[in-house]
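Each chain, letter by letter, is given below.
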Amino acid sequence: MRRLYAHLLCALPLIWLGAQAALGLLGANPVEAAIRFLGDWGLRILILALAVTPLRQVGKVSAVAAYRRMLGLWGFAYVVLHLLGYVVLDQFFDWANIGHEIVKHKFITAGMAAFALLAPLAATSTQGMIKRMGGMAWRRLHSAVYLAVPLGALHYIWMVKAGRAQPTLYLTITLLLLLSRWVYARFR
Amino acid sequence: MLIRRPDSIKSSEITPQSAYLSRRQLIAGAAAWGLLPAGLALAEAFPNLRKSDYKVDEALTSQKDVTHYNNFYEFGLDKEDPSANAPGKLKPRPWTIKVDGECAKPGTIDIDAFLKESAIEERVYRHRCVEAWSMVIPWAGVPLGDVLKRFEPTSNAKYVAFETLNDPAQMPGLRERGFDWPYHEGLRIDEAMHPLALLAVGLYGETLPAQNGAPIRLVVPWKYGFKGIKSIVRIRFVESQPKTLWNTYSTKEYGFYSNVNPDVDHPRWSQAKEHRIGEFGRRPTLPFNGYADQVASLYSGMDLKRYF
């Protein structure tokens with residue numbers, strides 16, 4: 001039952017977005033509004049996923065551990081929708097221009113790199129894959145998330161024209177969560 | 001040819017005369033009964049608004065979008081902030097513009113006198129934001145050059161500098177740090193004198209809404225939107241290139257000229273295409289925002305990649 005609630009909670013922003021879109025409440029630039037909303041929530045949920053281990057280690061809240069994979073996958077789902085929004089609604093499959101943006105513009109480069117790092121993690125998230133890969137190799141692969149989430153936050157910082165407060169906050173929290181892991185591993 | 005006949009307005013977008021006349025009657029009536037401040041009754045209209053031949057043959061962006069998707073950081077950073085925060089807060093009366101510097105007849109423009117004595121015309125211009133979105137807007141205004149000439153700029157007047165109101169009581173966004181407030185912009189004198197440069201006092205036939213830069217703003221359709229400084233209180237004729245707010249904020253990203261140019265990307269995003277508000281997908285961006293025939297000669301011999 002708890003897991004069901006957790007899923008519902010993660011789906012809530014998506015339901016909200018769908019309702020807003022259906023009612024035409026996304027404003028003058030609905031495509032941009034939807035893409036930014038999805039990116040925001042992807043980043044927020046991935047940061048929550050990154051917070052699970054420090055909460056367990058430092059905060060001694062062990063119950064959260066059961067939600068780590070769920071959070072990671074939901075975060076990735078928002079990232080996929082965010083990327084689809086860009087490719088389909090914003091660029092309309094203009095692959096030449098998308099390629100140009102990836103090469104020339106660092107905020108797109110960072111976002112794409114974060115996605116490329118996350119995709120294999122989502123693909124290997126099952127219990128079966130952990131067994132097949134072996135714990136060590138699986139863990140090594142999944143440490144890519146430590147790079148992917150800060151890249152996502154950088155992608156956000158580099159995108160905005162001004163008003164860096166929110167994206168900088170996300171990057172700071174991400175880095176603090178990573179620091180907490182490092183400190184715990186080193187000095188516990 | 002870019003200047004086209006007025007044939008592009010969909011009939012669905014034209015307010016029937018009976019509707020706007022009764023609207024005006026209602027407002028005039030309300031003002032007569034003291035229900036509205038007198039200024040607002042005048043606000044409805046430019047009674048002698050002349051349709052200009054400066055008109056692009058493209059569908060207008062809806063009035064709602066033009067007035068609810070704005071960059072006016074003095075009222076907040078989000079596009080919806082200015083329409084939520086500016087009306088009621090920004091006081092467009094009384095309003096004067098101080099005009100001085102390198103000119104023979106420095107003076108002051110009082111907005112009410114200015115509106116009374118000026119021949120206001122409607123021009124439909126493309127509007128291209130540096131953020132790669134665009135609109136088509138029916139402005140009401142007066143050619144900037146006609147206004148500037150009244151002050152008789154001298155031969156030392158090589159540039160014109162503009163400044164926005166700087167009142168934290170009216171503009172909560174002025175608390176935002178990192179910007180060199182008040183908002184300031186500038187043009188080369190020949191750009192300012194170009195017939196396309198407009199001092200706008202209205203849009204869609206109505207008085208300029210607060211969020212669009214009431215009571216008077218600049219419109220330079222071949223440049224990125226941020227060159228169109230809003231709520232102007234000061235104009236100076238100067239000899240050297242004036243500082244501009246966005247150029248100071250990020251010199252590599254926002255040049256003094258900021259002419260619309262699909263071949264010069266913003267360092268962080270492409271300028272090759274634009275998202276026209278109200279449409280899906282992106283359309284190609286035109287050099288000088290489609291006004292190359294009229295303005296490219298201003299920049300002949302200049303390296304536009306260097307002077308972006």
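Note: the structure precedes this text.
Residues numbered from 1 in each chain as written. Chains lettered and ligands numbered in written order. Predicted model: local features only at pLDDT ≥ 70, side-chain atom pairs only at ≥ 80, totals over all residues.

### Some points on the overall build of chain B
Within chain B one finds nine helices and 13 strands. Looking at the 308 residues of chain B, the share that counts as buried comes to 42%. Taking the intrachain contacts of chain B between residues at least 6 apart in sequence as the baseline, contacts between residues at least 24 apart amount to 70%. (Helix = DSSP H or I, 4+ residues; strand = E, 2+ residues; numbered from the N terminus. Buried ≥ 20, exposed ≤ 12 C-beta atoms within 10 Å, placed from the backbone. Contact = placed C-beta atoms within 7 Å.)

### So, the interface of chain A and chain B
Facing the 17 residues of chain A at the interface are 18 residues of chain B. Those elements that place two or more of their residues in the side of chain A that touches chain B are helix H4 (95–104) and helix H5 (106–123) of chain A. Ranked by residues supplied to the side of chain A that touches chain B, first place goes to H4 of chain A with four residues. Along the lines of polarity and charge, the residues of the side of chain A that touches chain B split into seven nonpolar, six polar and four charged. (Nonpolar A, V, L, I, M, F, W, Y, C, P; charged D, E, K, R; others polar.)

### A few points about the pairing of strand E4 (residues 121–128) of chain B
Residues and elements named next belong to chain B. Burial within E4 is extensive, with seven of its eight residues counted as buried. As defined by bridge partners, strand E1 (residues 50–55) adjoins E4 across three bridges and the pair is classed as parallel. When the sheet's bridge partners are listed, arginine 50 is paired in E4 with glutamate 121. Pairing geometry for E4 and strand E5 (residues 133–143), over eight bridges, is antiparallel. If you follow arginine 126 over to E5, its bridge partner there is valine 136. Taking the residues between adjacent antiparallel strands as the criterion, E4 and E5 are bridged by four residues, where alanine 132 takes a positive phi near 75°. (Pairing = 2+ DSSP bridges.)

### Here's the deal with unusual backbone geometry
Backbone torsion omega between arginine 93 of chain B and proline 94 of chain B reads -15°, so that peptide bond is classified as cis. A cis geometry characterises the amide bond from alanine 214 of chain B onward to proline 215 of chain B, with omega recorded as -5°. Residue placement: proline 215 of chain B occurs in the loop between strand E9 (206–207) and strand E10 (217–219). Not every positive phi belongs to a glycine, and phenylalanine 92 of chain A is a case in point at roughly 50°. Relative to the helices and strands, phenylalanine 92 of chain A resides in the loop between helix H3 (68–90) and H4. For phenylalanine 92 of chain A, a count of 12 C-beta atoms within 10 Å puts it in the exposed group. A positive phi angle, near 60°, is found at phenylalanine 93 of chain A, a position not held by glycine.

### Considering the nonpolar core
Core analysis: the largest hydrophobic core is formed by 71 residues, its most contacted members being Trp139, Leu144, Val160, Ala200 and Leu218 of chain B. If one sorts the elements of this core by residue count, E5 of chain B sits on top with six residues. Apart from the residues within four sequence positions on either side, leucine 144 of chain B is in contact with Ala192, Ala197, Leu198, Leu199 and Leu218 of chain B. Core analysis: the second largest hydrophobic core is formed by 29 residues, Cys10, Phe37, Leu118 and Tyr170 of chain A among them. (Core = buried A, V, L, I, M, F, W, Y, C linked by C-beta atoms within 7 Å.)

### Some words on the sheet that holds strand E2 (residues 96–101) of chain B
Residues and elements named next belong to chain B. Strand order in the open sheet formed by five strands is E3-E2-E11-E6-E7, and the pairing between neighbours is mixed. Of all the strands in the sheet, just strand E3 (107–110) and strand E7 (184–188) have a single pairing partner and so form its edges. For this sheet, the mean angle separating the axes of adjacent strands, direction not counted, is 20°. Pairing of strand E6 (residues 159–164) with strand E11 (residues 232–238), which is carried by six bridges, proceeds in the antiparallel orientation. (Axes fitted to C-alpha atoms, helices over the stretch in contact; angles between N-to-C directions.)

### Things to note about H5 of chain A
Residue and element names in this part refer to chain A. When the terminal C-alpha atoms of H5 are compared, their 26 Å separation across 18 residues agrees well with the 26 Å that a helix rising 1.5 Å per residue should span. Among the residues making up H5, those that are buried are Ile108, Ala110, Gly111, Ala114 and Leu118. On an axial view of H5, the arc spanned by its buried residues comes to 155°, and they lie on one face. Exposed positions of H5 whose direction lies more than 90 degrees from the buried face are Ala116, Pro120 and Ala123. Buried residues along H5 sit against H3, H4 and helix H8 (145–159). (Expected span 1.5 Å × (residues − 1). Arc of directions from axis to C-beta.)

### Some details on helix H9 (residues 165–187) of chain A
Residue and element names in this part refer to chain A. When the terminal C-alpha atoms of H9 are compared, their 32 Å separation across 23 residues agrees well with the 33 Å that a helix rising 1.5 Å per residue should span. Restricting attention to buried positions, one finds in H9 the residues Pro167, Tyr170, Leu171, Thr174 and Leu177. Looking at the buried side of H9, the elements it contacts are helix H2 (30–57) and H8.

Such coordinate-based values are descriptive only and should not be taken to indicate function.
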